[in-house]
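If you want the building blocks of each chain, they are given just below.
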Amino acid sequence: MIALNTVHKVFNKGKASAVTAINNISLNIAPGEFVVVVGSNGSGKTTLLNLVAGSIFTDAGSIHIDGNDVTRMADHQRSKWVARVFQNPLSGTAPDLSIIDNFRLAAIRTQRKGLSIGVTGNFREKVRQHIAILGMSLENKLEQPMGTLSGGQRQALTLVMSVMDSCKVLLLDEPTAALDPRSADTVMRTADKLIHDFKLTSVLITHNLKDAYQYGSRIIQMNEGAILRDISGDDKGRLSQNEIFNWFS
Amino acid sequence: MDFYLTALLQGLCFSGIALGIYISMKIFNIPDITTDGSYTLGGVVTAILLTHQQPVYIVLPAVILAGALAGAITGLIHTRLKVNPLLAGILVMTALYSVNLTLMGRSNIPLVGSKTLFDKLPLLADPNQNTGIILSMVVLLITLLIGYLLKTDFGLAMRATGNSETMIRALGVNTNSMKIAGLALANGLIALSSYLMTQFQGFADINMGIGIVITGLGSVIIAETIINWLRITSAWLSLALVIAGAIAFQMVLAVTLSIGVDANLLKLVTAVFVLLIVSLPRLSFNKN
Ligand SMILES: Nc1ncnc2c1ncn2[C@@H]1O[C@H](COP(=O)(O)OP(=O)(O)O)[C@@H](O)[C@H]1O
Ligand SMILES: [Mg+2]
């Protein structure tokens, strides 16, 4: 589903401050795989995700999503396949727009934003049902501006928004880093449920090693722009939480 | 009394500027000052076409397109060449001065002998009332159109572009194209404003746009103060307040003149008035 072929990324190329953020990484992620990425600060995790999403472009190598060469495609073009949840809850939603308006935009992520009114009675009902699965009683606050909600509520809604339109790849960059432990737990469980229910191919970056242990079908550890460890299938299942902890000592 | 009637009619003429500035500044969050140039351009195109006896269905679209083109160029310079939007606007506004002067061939075009929109549509016997009713209908129509637009999927994408760019790009919107479209729309409305004003005052002048951006800013700031104060979320009500802001702004200027302030000081008074409305909420906030 996602194929990276010797992808390379240097920031500030040619200057004294040049950083090789991604060092010739090749990586294949199969359909339905749930990849958890761990690694110390600055190891290139966010850069990797941004390269897949198209917010930044590779210096060398190619990227394919669902068999399409997207190497030179902009982020808004790759949104045909890719939905994202950002570390900052503010980035994934528009604060001044109501919940329902945010959902409308998410529901036409892969489509043209035309000159007709899409927020209809039917649409409201559909959104209400989708939001109800969160169990946060937000389904009756559809007209409320997004900005009035807590970070946890917004992250949970962003997750639901990502499956409002056809979605193949879900990219999550530390979605719980800005949340309190309880909201973080809710958001992680919602993510896991949606990923399974909608059979999404997903990449989750996390600093929470407990989550890295608990979730996902494959775990990748990054270090200095390269893949240090890559464990999937039964081997991931056999991995203990302590072993993952020891990777960082 | 005539004084206030004129202010009311001028306020209606300036509604297009107020809506345009509302779109660029409040919806897209872009400080666009192409305004002075696109406003004059609208007047120039109106005057030239009217003095060549062109019909409304040619003049109006031509004026809006001319304004939209000016806005789109500012948008292109800002998004493609990554130039600060204020500078992009100043560049286009400056360039437009020469364009306008060249188009006019002189510094003033009177509309004597040409039939204006108000002459062509004699709905009421009293000319002032006639002008008022026609202006009200035009303003109502554009307000309804903009209000509808903001509720469509495209309108939501516009609003999100100014509100959370990361989000809306991830949701498949090319924010650069969207900003170009937004500035085109804003300056199209500003040119429409000038189309009305030129016919109302009976001439186009090369200097008619100087400082006109403050009229739009003032109207939007009056509206915004009320919107924040009453915590208004309805898009319709917000647009109505922007129009009310445009009229209130002209009323304040009329009062200023009527109490005997020198007309030469009008721009100074305008600037101070806008400064006052901007700073009043903050001053009272500081006390708390
Ligand atoms: N836009 C940028 N400009 C310059 N350097 C950057 C930029 N983004 C990331 N980097 C650098 O690239 C490296 C990898 O960063 P990042 O991918 O954010 O790491 P992580 O998400 O694993 O903490 C770091 O050294 C970081 O300083
Ligand atoms: Mg990071």
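Above this text you will find the structure in question.
Residues numbered from 1 in each chain as written. Chains lettered and ligands numbered in written order. Predicted model: local features only at pLDDT ≥ 70, side-chain atom pairs only at ≥ 80, totals over all residues. Heavy atoms only, no water.

Side note on the overall build of chain B
Logical step 1: Along the backbone of chain B there are 13 helices and two strands.
Logical step 2: Structurally, chain B occupies a C-alpha span of about 55 × 45 × 35 Å along its principal axes.
Logical step 3: Looking at chain B as a whole, 51% of its 288 residues are labelled buried.
Logical step 4: Excluding contacts between residues fewer than 6 apart, the proportion of contacts in chain B whose partners are at least 24 apart in sequence is 78%.
Logical step 5: Carbon together with sulfur atoms contributes 69% to the accessible area of chain B, which is approximately 12,900 Å² in total.
Logical step 6: Each charge class in chain B can be summarised by its mean position, and for the 14 positive and 10 negative side chains these summaries are 11 Å apart. (Helix = DSSP H or I, 4+ residues; strand = E, 2+ residues; numbered from the N terminus. Buried < 20%, exposed > 50% of the residue type's maximum accessible area, 1.4 Å probe, protein only. Contact = heavy atoms within 4.5 Å. Areas by Shrake-Rupley, 256 points an atom, 1.4 Å probe, with all protein chains shown as cover. Lys, Arg positive; Asp, Glu negative; His and termini not counted. Charge placed at Lys NZ, Arg CZ, Asp CG, Glu CD.)

Regarding the sheet that holds strand β1 (residues 2–11) of chain A
All names here are of chain A.
Logical step 1: Strand order across the open sheet formed by four strands is β2-β1-β4-β5, with antiparallel pairing between neighbours. Of all strands in the sheet, those bounded by a partner on one side alone are β2 (19–29) and β5 (68–69).
Logical step 2: The strands touched by helix α1 (residues 45–53) are β1, β2 and β4 (60–65); relative to β1, the strand with the most contacts, the crossing angle is about 120°. (Pairing = 2+ DSSP bridges. Axes fitted to C-alpha atoms, helices over the stretch in contact; angles between N-to-C directions.)

Quick word on the sheet that holds strand β7 (residues 169–173) of chain A
The strands that make up a sheet pair up through hydrogen bonds in the backbone, lying either parallel or antiparallel.
Residue and element names in this part refer to chain A.
Logical step 1: Read from one edge of the open sheet, six strands run β6-β7-β8-β3-β9-β10, paired in mixed fashion. The strands lining the two open edges of the sheet, one partner per strand, are β6 (82–85) and β10 (226–232). Direction aside, the axes of adjacent strands within the sheet are offset by 15° on average.
Logical step 2: Pairing of β7 with strand β8 (residues 201–205) involves five bridges; the strand directions are parallel.

A word on the packing of helix α7 (residues 127–151) of chain B against helix α8 (residues 153–163) of chain B
Residues and elements named next belong to chain B.
Logical step 1: The contact between α7 and α8 brings their axes to 4 Å, and the two run at 80°. The angle between α7 and α8 falls in the class roughly perpendicular. Facing Leu149, Leu150 and Lys151 of α7, the residues of α8 in contact are Asp153, Phe154, Gly155, Leu156, Met158 and Arg159.
Logical step 2: Grouping the amino acids of the contact of α7 with α8 by side-chain chemistry returns five nonpolar, one polar and three charged. (Parallel < 35°, antiparallel > 145°, perpendicular 65-115°, else oblique. Nonpolar A, V, L, I, M, F, W, Y, C, P; charged D, E, K, R; others polar.)

Here's the deal with the interface of chain A and chain B
Logical step 1: Taken together, the 30 residues of chain A in the interface contact 21 residues of chain B.
Logical step 2: For the pairing of chain A and chain B, the buried interface totals around 2,100 Å² over both sides, and the portion due to carbon and sulfur atoms is 62%.
Logical step 3: The largest contributions to the chain A side of the interface with chain B come from His76, Leu105 and Lys113 of chain A, which together make up 27% of the buried area.
Logical step 4: Along the contact surface separating chain A from chain B lie three salt bridges.
Logical step 5: The shortest N-O distance in the salt bridge between Arg104 of chain A and Asp153 of chain B comes to 2.8 Å. (Buried area = accessible area lost by both parts, 1.4 Å probe. Salt bridge = Lys/Arg side-chain N within 4 Å of Asp/Glu carboxyl O.)

Side note on unusual backbone geometry
Phi is mostly negative for residues that are not glycine, and the peptide bonds are mostly trans.
All names here are of chain A.
Logical step 1: Within the chain, Asp66 stands out as a residue other than glycine whose phi angle is a positive 50°.
Logical step 2: Residue placement: Asp66 occurs in the loop between β4 and β5.
Logical step 3: Taking the relative accessible area as the measure of exposure, Asp66 reaches 31% and is therefore partly exposed.

Observations regarding empty space enclosed by the protein
Logical step 1: The tally for this structure, following the rule as stated, stands at three cavities of 30 Å³ or more.
Logical step 2: Surrounding the largest cavity, Val82, Ala83, Arg84, Phe86, Gly92, Arg109, Thr158, Met161 and Ser162 of chain A together with Met167, Ala170 and Leu171 of chain B form its lining.
Logical step 3: Within the residue set of the lining of the largest cavity, elements represented by two or more residues are β6 and α5 (151–162) of chain A together with α9 (165–170) of chain B.
Logical step 4: Of the residues assigned to the lining of the largest cavity, the class counts are seven nonpolar, three polar and two charged.
Logical step 5: The volume enclosed by the second largest cavity comes to roughly 70 Å³.
Logical step 6: If you trace the second largest cavity, you find it lined by Ile2, Leu4, Leu27, Ile29, Val35, Val37, Leu48, Leu49, Val52, Leu171, Val203 and Ile220 of chain A.
Logical step 7: Those elements that place two or more of their residues in the lining of the second largest cavity are β1, β2, β3 (34–39) and α1 of chain A.
Logical step 8: Looking at side-chain class alone, the lining of the second largest cavity contains twelve nonpolar, no polar and no charged residues. (1 Å grid on protein atoms, 1.4 Å probe; cavity = no way out; pocket = protein on both sides within 12 Å on 5 of 7 lines; lining within 4 Å. Points joined across faces, edges and corners; volume = space filled by probe spheres on them.)

Quick word on the nonpolar core
Logical step 1: Judged by nonpolar contacts, the single largest core of 124 residues is most densely connected at Phe103, Ile131 and Leu157 of chain A.
Logical step 2: A per-element tally of this core places helix α10 (residues 175–201) of chain B first, with ten residues.
Logical step 3: The contacts of Leu157 of chain A, once residues within four sequence positions are left out, are Ile99, Phe103, Ile131, Leu134, Leu138, Met146 and Leu149 of chain A.
Logical step 4: Core analysis: the second largest hydrophobic core is formed by 26 residues, Ile25, Ile29, Ile65 and Met222 of chain A among them. (Core = buried A, V, L, I, M, F, W, Y, C linked by side-chain atoms within 4.5 Å.)

Some thoughts on the environment of Ser240 of chain A
All names here are of chain A.
Logical step 1: Inspection of the secondary structure puts Ser240 in the loop between α8 (233–238) and α9 (241–247).
Logical step 2: Residue class for Ser240 comes out partly exposed when judged on its relative accessible area of 28%.
Logical step 3: With 27 residues separating them along the chain, Ser240 and Tyr213 place their C-alpha atoms 7.2 Å apart.

A short note on the site of ligand 1
Residue and element names in this part refer to chain A.
Logical step 1: The immediate surroundings of ligand 1 are formed by Phe11, Asn12, Val19, Ala21, Ser40, Asn41, Gly42, Ser43, Gly44, Lys45, Thr46 and Thr47.
Logical step 2: Between ligand 1 and Gly44, the relevant distance is 3.0 Å, taken from an oxygen atom to a main-chain nitrogen or oxygen of the residue.
Logical step 3: Within the side chain of Lys45, one N or O atom sits 2.9 Å away from an oxygen atom of ligand 1.
Logical step 4: For ligand 1, whose free accessible area comes to 560 Å², the fraction covered by protein is 62%.
Logical step 5: Of all the elements in the fold, those that place two or more residues in the shell around ligand 1 are β2 and α1.
Logical step 6: Looking at which element gives the most residues to the shell around ligand 1, the answer is α1, with three residues.
Logical step 7: Class assignment of the residues belonging to the shell around ligand 1 gives a composition of three nonpolar, eight polar and one charged. (Near = heavy atom within 4 Å. Polar contact = N/O pair within 3.5 Å; in protein donor to acceptor, adjacent residues only side chain to side chain.)

Here we look at the environment of Gly188 of chain B
Residue and element names in this part refer to chain B.
Logical step 1: Assignment of secondary structure puts Gly188 in helix α10.
Logical step 2: Overall, the relative accessible area of 4% leaves Gly188 in the buried class.
Logical step 3: If we skip the residues at most four places from it in the chain, Gly188 touches Ile64, Gly67 and Ala68.

In short, shape yes, function no, at least from these values alone.
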